[in-house]
Amino acid sequence: MIDNKTKTISAENDIPPLRRIICHHPPIFPLSIHTLYEVARKTPLPEISVSSFKISRNREMFFKVAISSLITIATSIYFLYYLPPFPHKPYYHSLFTSDSLSDNESISNHLYTLTRRPHIAGSEANAEAAAYVLSTLSSYSIQSHIASYHTALTYPESRSLVLTRPSPDPPVRFSLEQEIYEGDPYAEPASQVEPTFHAYAKSGTAVGPVVFANYGRVEDYAVLKQMGVNISGSVVLARYGKIYRGDIVENAYAAGAIGVLIFTDRKDYGGGGAAEEKWFPDGKWMPPSGVQVGSVYGGAGDPTTPGWPSSEGCERISDEEVEKSGDVPLIPSLPISWADGDVIIRTVGGEVGIGDDWQGGKDSPVYRVGPGPGVVNLTYKGKQVISKIDNVVGIIEGAEEPDRFVILGNHRDAWTFGAVDPNSGTACLLEVAERMYKLQKKGWKPRRTIVFCNWDAEEYGLIGSTEWVEENRNMLGSKVVAYLNVDVAVGGPGFEASATPQLDGLLVHVAKLVTDPDNSSQTVYDSWVSSTNNPKMGRLGGGGSDYAAFVQHIGVPSADLSFGGGYPVYHSMYDDFTWMKKFGDPMFQRHVAVASLWGLVALKLADDELLPFNYHSYALELQKSAEELKDRALNKVVTLVPLLKSISEFEKAATKINDEREALIESKGWKSMWKDGHKIRELNDRLMMAERAFTDREGLSGRSWYKHLIYAPSKHDDYGSKSFPGIDDAIEKAKSINTTESWRSVQHEIWRVARVITQASLCLVGKLT
């Protein structure tokens, strides 16, 4: 019933057309703005009274003012109640690992293309590989570009090695060449492989008796000292396999050696000498002439631009200043094969190396420590060149938080062909990009920005990633959610992961969602924990790959993923597509699994409204590291109380932010979406920035580039991950000189760590003191 003056709505049929459309239009929405306006304009509206609110007839201005509000209300009501929902993020995440998106053949093709030629950093072949990565990312509609730097790289000019044996045996001049096998499909491009050398090795000649120093560790030199072996003036023969080769050279120099030879022992890389173990191409093991090349640089980034990016024409320090930095060797060194190492060690006399740890494999001679009587003449001459290197960067911009970045990184440069290291990872990076492109075509858009980075010159000293981080330090420090690294994606079976601890739970969760590539009846997680009750999670204190600049320099939550860990033909000419196809991953299913794991972790970090970080795991890890410190023989003047107290407060802060996170998850819904939006952003910022709080602007004592006081490399092993590295360095020094001042330095380092942990706690709590 409607009266003449103030018509009151009393039945559905009396509802004006505009309102009828808003409330009852079937789900063929959306109508255009023009349609809604025309309906509203043409509808005769008498004066209407709704709760005493009157609207005058024929007031055209009313429609102009109100129509946008009506459309907003109509659209909101429709989307809330009528429109079938778009697929949620979990739908796209499950689709990401489906057979319809994954493609082992595509991965194989990428790897084959990338490894057709050797592509050392600074070479034309590596520039061509960069162009391939750039064009591939661009073909997936990913905005991509090259970020170039001009860096100091070294290459060999000449090298020689002569062994003088006891009379009547004649001298031996070693060829120092890796042999091509019969039927080698890479025989022709093998001629482009650089002669075996150590990057940044000192040029010079060393002539002296040979001392066998086992793996070249600090503890090995302690054993030699106990045995009364004089190392001064000798050339050390050490085998690779326990510590970074640069530290092998540094430790030898510290002990008084004048030169170093590093060989890959058959015991470790040649199958141990067992008859059933065949070397490549008949088996997976390193052939007798295989040589593991690599860098002996102890720093990160271009040695001539410490702390700033190597742009063209930039400031550089002198060669003398580089040497004074302590990051480059001061004695010459060469890598040699296990066949050459075997010849040399047979000329070494003296006492027998103690225990199995000092001996070789089956059919090896008895390893003695020397010195001599064998004498070697080692000569190496290198050249330093300012070379252009190319990082490839691709970006998928986030739809809701474009100023928050999730970065996936892998390096491209290789010492030789690089099928395992690093291009198994490069192929997986391109596979992840292609799958995300396919998701985009189905309607997916990431909440946060995803960045793909393909680094250059990693092998020389993490140079490409370090220069990029140094150039973008402030932006990355304020915007990066996490960095996800894959270097060697596949070297064999068995999943391995390392991470900053707040990512532990996420990695476990994702591993439960991906099928084990070697046993389809179980997940990656099942195989990961098959030998233990808990997955073995490594940490990122070592300097072995491109996560270093992100974790250790600017404090970004990070992870590193791989299958297979170490592999026998590491850094040799035999790391090619044939080895991968025969032994590493014949069906490329492990590559598919790495891409699934890597991509799913990235999707969770990019799409989850609340970041999937758990700092309670971090608190437990800090407690564990502190307990290990308790077991060290500390001086009575040193107390761990400040450290233990800060960890206790950090655990409380981690519990509090976890509770906040759970409360927000429980409250989520249409009613609270707008109200809680700023809370979600603010909580995510605290989760993201807490890792930054573990850094200190002064850095580690004597190693100022390393700002993270929880995770950094061991001083005597760049690959070794140390918790509380500053405390560890101070303890080692104090034990050596045992002065009051040295133990005071230990206490100072304990206080420094306690202070950054307190800062991290304040960051998690999010309130001013």
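Criteria and cut-off values
- Residues numbered from 1 in each chain as written.
- Predicted model: local features only at pLDDT ≥ 70, side-chain atom pairs only at ≥ 80, totals over all residues.
- Heavy atoms only, no water.
- Helix = DSSP H or I, 4+ residues; strand = E, 2+ residues; numbered from the N terminus.
- Buried < 20%, exposed > 50% of the residue type's maximum accessible area, 1.4 Å probe, protein only.
- Areas by Shrake-Rupley, 256 points an atom, 1.4 Å probe, with all protein chains shown as cover.
- Patch = residues over 30% accessible without salt bridge, like charges linked within 9 Å, V, L, I, M, F, W, Y side chains within 5 Å.
- Salt bridge = Lys/Arg side-chain N within 4 Å of Asp/Glu carboxyl O.
- Lys, Arg positive; Asp, Glu negative; His and termini not counted.
- Charge placed at Lys NZ, Arg CZ, Asp CG, Glu CD.
- Core = buried A, V, L, I, M, F, W, Y, C linked by side-chain atoms within 4.5 Å.
- Axes fitted to C-alpha atoms, helices over the stretch in contact; angles between N-to-C directions.
- Parallel < 35°, antiparallel > 145°, perpendicular 65-115°, else oblique.
- Left-handed = near helix turned anticlockwise from the far one by under 90°.
- Contact = heavy atoms within 4.5 Å.
- Arc of directions from axis to C-beta.
- pLDDT = per-residue confidence, 0-100.
- Phe/Tyr/Trp six-rings, centres within 6.5 Å; stacked < 30°, edge-to-face > 60°.
- Lys NZ or Arg CZ within 6 Å of the ring centre and 35° of its normal.
- Polar contact = N/O pair within 3.5 Å; in protein donor to acceptor, adjacent residues only side chain to side chain.
- Pairing = 2+ DSSP bridges.
- Right-handed = clockwise from strand over helix to strand, strands pointing away.
- Nonpolar A, V, L, I, M, F, W, Y, C, P; charged D, E, K, R; others polar.

J.: I'd like a rundown of the overall build of the protein, residues and numbers included.
T.: Each helix and strand in the protein was counted, giving 25 helices and 19 strands. Residues counted as buried form 55% of the 769 residues belonging to the protein. Of the accessible surface of the protein, which amounts to about 33100 Å², a share of 52% is contributed by carbon and sulfur atoms.

J.: Explain a negative patch on the surface to me, using residue names and the numbers behind them.
T.: Taken together, the side chains of Glu315, Asp319, Glu320 and Glu321 make up a negatively charged region of the molecular surface. Inspection of the secondary structure puts aspartate 319 in helix α10 (residues 319–324). By relative accessible area, which is 49% here, aspartate 319 ends up partly exposed.

J.: How would you explain the nonpolar core if you had to name every residue and give the values?
T.: With 214 residues, the main nonpolar core has Tyr460 and Trp468 as its most contacted residues. Of the residues forming this core, the biggest block, 12 residues, is contributed by helix α20 (residues 589–607).

J.: How would you summarise the packing of helix α5 (residues 104–114) against helix α12 (residues 423–441) if you had to cite specific residues and measurements?
T.: Packing of α5 against α12 leaves a shortest axis separation of 9 Å and a crossing angle of 135°. Taken together, the axes of α5 and α12 are oblique relative to one another. Here the hand of the crossing between α5 and α12 comes out right-handed. Of α12, the residues touching α5 (which contributes Ser106, Ile107, His110, Leu111 and Leu114) are Asn423, Ser424, Thr426, Ala427, Leu430, Glu431 and Glu434.

J.: Describe helix α4 (residues 89–96), and please don't skip the residues or the numbers.
T.: Among the residues making up α4, those that are buried are Tyr92, His93, Leu95 and Phe96. All buried residues of α4 lie within an arc of 160° about the axis, which places them on one face of the element.

J.: Please give an account of the pattern of salt bridges that cites residues and values.
T.: By the definition in use, this model includes 35 salt bridges. Residue glutamate 662 pairs with arginine 661 through a salt bridge whose shortest N-O separation is 4.0 Å. According to the relative accessible area criterion, glutamate 662 is partly exposed, its value standing at 40%. You can call arginine 661 buried: its relative accessible area is 15%.

J.: So what about the confidence of the model for the protein? Which residues, and what values?
T.: Here the protein shows a mean pLDDT of 89. Residues at 70 or above account for 87%. Note that residues 1–59 has pLDDT below 50 and, in this model, 67 contacts with residues that lie over four places away or in other chains. Within the model, pLDDT remains below 50 along residues 74–85, and this stretch shows 13 contacts once partners closer than five positions in the same chain are excluded.

J.: Describe the packing of aromatic side chains, with residues and values.
T.: Taken as a whole and judged by the stated rule, the model has 34 aromatic pairs. The interplanar angle of 75° and the centroid separation of 6.1 Å between the aromatic rings of tyrosine 618 and phenylalanine 650 together place this pair among those described as edge-to-face. Of this pair, tyrosine 618 sits in helix α21 (residues 615–630) while phenylalanine 650 sits in helix α22 (residues 641–667); the two residues are 32 residues apart in sequence, bridging distant segments of the chain. Judged by centre distance (6.3 Å) and plane angle (45°), the rings of tyrosine 618 and tyrosine 711 are tilted. Here tyrosine 618, found in helix α21, pairs with tyrosine 711, found in strand β18 (residues 711–714); they are 93 residues apart in sequence, far enough to count as distant. Side by side, tyrosine 618 and tyrosine 711 carry an identical accessibility label, which is buried. When the ring centre of phenylalanine 96 is taken as origin, the NZ or CZ atom of arginine 435, which lies over that ring, is 5.0 Å away.

J.: Describe the side chain of serine 106, and please don't skip the residues or the numbers.
T.: Note on placement: serine 106 falls in helix α5. A polar contact of 3.3 Å, which involves the side chain of serine 106, links it to the side chain of glutamate 434.

J.: Which residues make up unusual backbone geometry, and what values go with them?
T.: A cis geometry characterises the amide bond from phenylalanine 280 onward to proline 281, with omega recorded as 15°. Going from aspartate 421 to proline 422, the amide bond is cis rather than trans, its omega being 10°. As for its position among the elements, proline 422 is in the loop between β12 (401–411) and α12. Despite not being glycine, leucine 462 shows a phi value in the positive range, around 55°. By the secondary structure assignment, leucine 462 is in the loop between α13 (458–461) and α14 (463–471). A positive phi angle, close to 60°, is found at histidine 571, a residue other than glycine. Along the chain, histidine 571 turns up in the loop between β17 (558–563) and α19 (577–584).

J.: I'd like a rundown of the pairing of strand β8 (residues 259–263), residues and numbers included.
T.: Most of β8 sits out of view: 5 of its 5 residues are buried. Burial along β8 is two-sided: Gly259, Leu261 and Phe263 and Val260 and Ile262, pointing in opposite directions, are all buried. Taken together, the 5 bridges between strand β7 (residues 235–239) and β8 define a ladder with parallel strand orientation. Each bridged residue has a counterpart across the sheet, and for leucine 237 the counterpart in β8 is leucine 261. Taken together, β7, helix α8 (residues 245–255) and β8 form a β-α-β motif whose crossover is right-handed. Alignment of β8 against strand β10 (residues 333–336), held across 4 bridges, turns out to be parallel.

J.: Summarise α19; cite the residues concerned and give the values.
T.: For α19, the complete set of buried residues consists of Phe577, Thr578, Trp579, Met580 and Gly584. Looking at the buried positions of α19, the neighbouring elements they touch are α5, α12 and α20.

J.: Report on the packing of α12 against α20, specifying residues and quantitative values.
T.: Running from N to C, α12 and α20 cross one another at 55°; their axes reach a closest spacing of 9 Å. Considering their axes alone, α12 and α20 lie oblique with respect to each other. Along this stretch, α12 crosses α20, giving a crossing that reads as right-handed. Within the contact between the two elements, α12 uses Ser424, Gly425, Cys428, Leu429, Glu431, Val432, Arg435, Met436 and Leu439 and α20 uses His591, Val592, Val594, Ala595, Ser596, Trp598, Gly599, Ala602 and Leu603. Across the contact of α12 with α20, the residue classes break down as 11 nonpolar, 5 polar and 2 charged.

J.: Which residues make up the environment of glycine 505, and what are the values?
T.: Among the secondary structure elements, glycine 505 is positioned in helix α16 (residues 504–511). When the C-alpha positions of glycine 505 and tyrosine 615 are compared, they lie 9.8 Å apart, and in sequence the two are 110 residues distant.

J.: Describe the environment of glycine 183, and please don't skip the residues or the numbers.
T.: Locating glycine 183 in the fold gives a position in the loop between β4 (172–173) and β5 (198–199). Between the C-alpha atom of glycine 183 and that of proline 281, which follows or precedes it by 98 residues, the distance is 9.6 Å.

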